[in-house]
Each structure stands twice: as C-alpha cells, then as structure tokens.
Amino acid sequence: MASDVYAGKATVSNGVSPEAQSAEPLAPLSGQDAGLENSSTNRPPLPAFVVGEDFAGMRSQALGLVGRAGWNGSFHAIRPSRMARLALRGPGWLQGRFLNDVTGAPLLPLAAQSRVIVSIGGKGGAIGAALRTPDRPVVQIQHPRQPLTHFDLIVACVHDEISGPNVLLGRTALHGLTPEVLKQARQRWEPRFAHLPRPLIAGLVGGSNGRFQFGVGEAARLGALLAKAVVTQKGSLIVTPSRRTALEAREMLTDLVDAVGGTVWDGTGENPYVGLIACADHLVVTMDSVSMVSEAVAGAAPVSVFPLPGKSRRIARFISELEKSGRIRVLTENSPHTKMQPWIVAPLDDTPALVVEMHQRLGF
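Residues numbered from 1 in each chain as written. Predicted model: local features only at pLDDT ≥ 70, side-chain atom pairs only at ≥ 80, totals over all residues. Heavy atoms only, no water.

A. Broad picture of helix H3 (residues 56–68). Its 13 residues place the ends of H3 18 Å apart at the C-alpha level, agreeing with the 18 Å of an ideal helix rising 1.5 Å per residue. For H3, the full list of buried residues reads Met58, Gln61, Ala62, Gly64, Leu65, Val66 and Arg68. Just downstream of H3, Gly70 is the residue with a positive phi angle, here 80°. (Helix = DSSP H or I, 4+ residues; strand = E, 2+ residues; numbered from the N terminus. Expected span 1.5 Å × (residues − 1). Buried < 20%, exposed > 50% of the residue type's maximum accessible area, 1.4 Å probe, protein only.)

B. Examining the pattern of salt bridges more closely. Throughout the structure, instances matching the rule amount to 13 salt bridges. The shortest N-O distance in the salt bridge between Glu161 and Arg313 comes to 2.6 Å. Note that Glu161 is positioned in the loop between strand E5 (153–157) and strand E6 (167–170) and Arg313 in helix H13 (residues 313–324), a separation of 152 residues in sequence. Here Arg188 ties to Glu270 by a salt bridge, and the two come within 3.5 Å at their closest N and O atoms. Residue Arg188 is located in helix H8 (residues 179–193), and its partner Glu270 is located in the loop between strand E9 (263–264) and helix H11 (273–279); the two are separated by 82 residues in the primary sequence. For Arg188, a relative accessible area of 38% puts it in the partly exposed group. Taking relative accessible area as the criterion, Glu270 reaches 41% and is therefore assigned partly exposed. Members of the salt-bridge network, linked through shared partners, are Glu161, Arg313 and Arg317. (Salt bridge = Lys/Arg side-chain N within 4 Å of Asp/Glu carboxyl O.)

C. The arrangement of helix H12 (residues 290–297) in detail. Burial analysis of H12 places 8 of its 8 residues in the buried class, which makes it a mostly covered element. Listing the buried residues of H12 in full gives Val290, Ser291, Met292, Val293, Ser294, Glu295, Ala296 and Val297.

D. Spotlight on a negative patch on the surface. Together, Glu248, Glu251, Asp255 and Asp258 make up a negatively charged patch on the protein surface. Note that Asp258 resides in helix H10 (residues 247–258). (Patch = residues over 30% accessible without salt bridge, like charges linked within 9 Å, V, L, I, M, F, W, Y side chains within 5 Å. Areas by Shrake-Rupley, 256 points an atom, 1.4 Å probe, with all protein chains shown as cover. Lys, Arg positive; Asp, Glu negative; His and termini not counted. Charge placed at Lys NZ, Arg CZ, Asp CG, Glu CD.)

E. Focus on the nonpolar core. Ranked by size, the top nonpolar core spans 56 residues in total, and within it Leu204, Leu283 and Ile319 carry the most contacts. Residues within four places of Leu283 in sequence aside, it is in contact with Ala202, Leu204, Leu276, Ile277, Ala296, Ala301, Pro302, Val303 and Ser304. (Core = buried A, V, L, I, M, F, W, Y, C linked by side-chain atoms within 4.5 Å. Contact = heavy atoms within 4.5 Å.)

F. Expanded view of the pairing of strand E7 (residues 200–204). With respect to burial, E7 is a largely interior element, 5 of its 5 residues being buried. The two faces of E7 match: Leu200, Ala202 and Leu204 on one face and Ile201 and Gly203 on the other face are all buried. Two strands pair when backbone bridges link them, and E7 and strand E8 (residues 236–240) are joined in this way by 5 bridges, in the parallel orientation. The partner of Leu200 across the bridge, within E8, is Ser236. Regarding topology, helix H9 (residues 216–233) serves as the crossover connection from E7 to the parallel E8, and that connection is right-handed. Note: E7 against strand E10 (residues 282–286), 4 bridges, orientation parallel. By the bridge assignment for E10, Ile201 is matched with His282. (Pairing = 2+ DSSP bridges. Right-handed = clockwise from strand over helix to strand, strands pointing away.)

Right, dumping it as structure tokens:
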C-alpha cells in the first residue's frame, strides 16, 4: 500500500517531498505556513468549493484542510440518494439534474466559480467526481468508495486502507487545530480555568453512531471512571458532550460529574471543546470519532480513549496505531491506565505535511 505521510516517518513511497521523508519529526506548520505559496505572492486566497454530508467530523476535516491550505471556501451539505449516486457516475447530460445540495439548490453554478473542489466521504465524493473538469481539480478526503482515478488527489488516513499514485496518507484525520489556533484558545480559556484545582481532566464525549453505542450504561461507566480519577488526583473535571450524545446519557454523565464538583457543558454559551484541548492536563475521548481523537492528540496533553461496544475495523486500527506510538492509552476494563496518571507526550498532527505535499502535487 502507499506509505503514510506524517512527521517522524521516514518511508514515504507515494511521491512525498524529501523534506517529509526525514526520520526527525517535522516542525509544526501553521495554516498560514501551509498556504505560503499564496501569501508570498500577495494573491487572494483561491476559491474552493467544499461538499459533503452535514456531519461535524466531515465539516472539521474538510474546512480544516481548506483553511490550512490558505484557500477560501464554505461547506455545502449534500445528501444524494442511491439513485442519484448511480446517475452521477453516468454521462454529463444525466448528472446535472442530481447535482444539488440538501435544499435542492443547484451546485454547478457555485462550483464553476471555484478553482478547486474539496469533497469528503463516499457521498461527497460522488458529487466531487461529477464536478471535476480539466481546469478544476478535485481533492477527495477519505475513501471515496469508487475508482480512485476519478480524483486528482485523495487525502486519507492509513486505516482507510487505500493506495495509489494520487493517494496521500496520514495517521490522523485532517483538522484546523493549528498550533496558532491552540495558542489563541489557551490565551482565551486559561483565565476561565484559573480558579480550578489541577490537574484539569477533560472529557470529550461523542455518541452512538452506525458502529458504536454510547447509551446510559456507557455514560455511567465513563462518568464513574472520570469521577474516581478526579477525586484520587484532587483535581477538577469538565465534560463537553456532542450533538450525538443522547439526552439520557448526558443526564447520567451530569449526575456523576456534578457529584464530584465537576461541570458538564449544557449547550449554552461557548463550547469549551477547543479550550479544553488547549488547556487540560488530561483528555479522555470516546472512541466513536476519529476526528475527535485526532484533534485531541494535536494538543499537548496525554489522551486516554474510552472504548465503546461496537465494531469498526478501521477505527480499531486507527486506535491501535496511536496506542503503539505511545500517544494515547486505551481505558479497557481492568486496565492499569484507568487511574489516568500522566505520561510524557508530544503533539501529533499529520495535517501540515499532507497540506505541503498537496500544494506540490496540485501546483498551487
């Protein structure tokens, strides 16, 4: 398979630049550095057309790539039916009637104003491939579930298990949490957390999806684990749930966290999610989201992953690789790591190296 592109890995066989092949970890690049080719000539940001299903993780990855590339684009949510996806692989005269967003508005007029298409996921890829022209390349994020030759570049994770001359692979999912973004978040949130006893333990909680379950039982186990750790370490606890966290699970977590003087974000005001990644001493993340885990390990804190009932070979491989590297620990039952004692880690983010290579491949 094509070798993965990331800081600290020497073997890169899919055309990555020599700079990315160094055995030494690459210095972190900011979003401005990744788009240096544009800024150095004082040209305005290239217009990008971003398309995918309206999921938080997909938005984070696609807009993270666009931002770090120095491009300018907004996300267009789509939901093509199975019939539409089949039609989109047909001739141009048939594709047009199915190139619409979730509201039914046509996508082609907006896409025609863009220099590059960024599509994500299988359904986003169906739209992206249909919008491709000789002077409007398509960068696909994640496995497109169709022939890879339909795209100019594919940026995916190692656990996607795809390869090809136009495929770039990294260990972590794309996102926009650059060192500068985290620095700004730290400056904004540290004063708000200053009164809290240390260590500050933070829970980043997802929810049930097609692969994993996070219900009341899982919330009870996670809440008890977090509560025990914060009492033992005489620290503080903040938990931020997601839109996918079921109400009953959220209520269970709130009861257990409140009992030890902690806080569960109630959905009002600013979400402390990025602030916690920037400021917490220890992060605990549920395993249902590759995007959440990838964003968590971009920070400086140790990351523990809370396993959930369910199955995904891809996510299991993703978690296993990060665990082997020492960047995360998995809180399996009877694990010695459930006490959440700290260990030495370094921020891990493969997005900068991928963006640099993407610029070189596209030529802009």
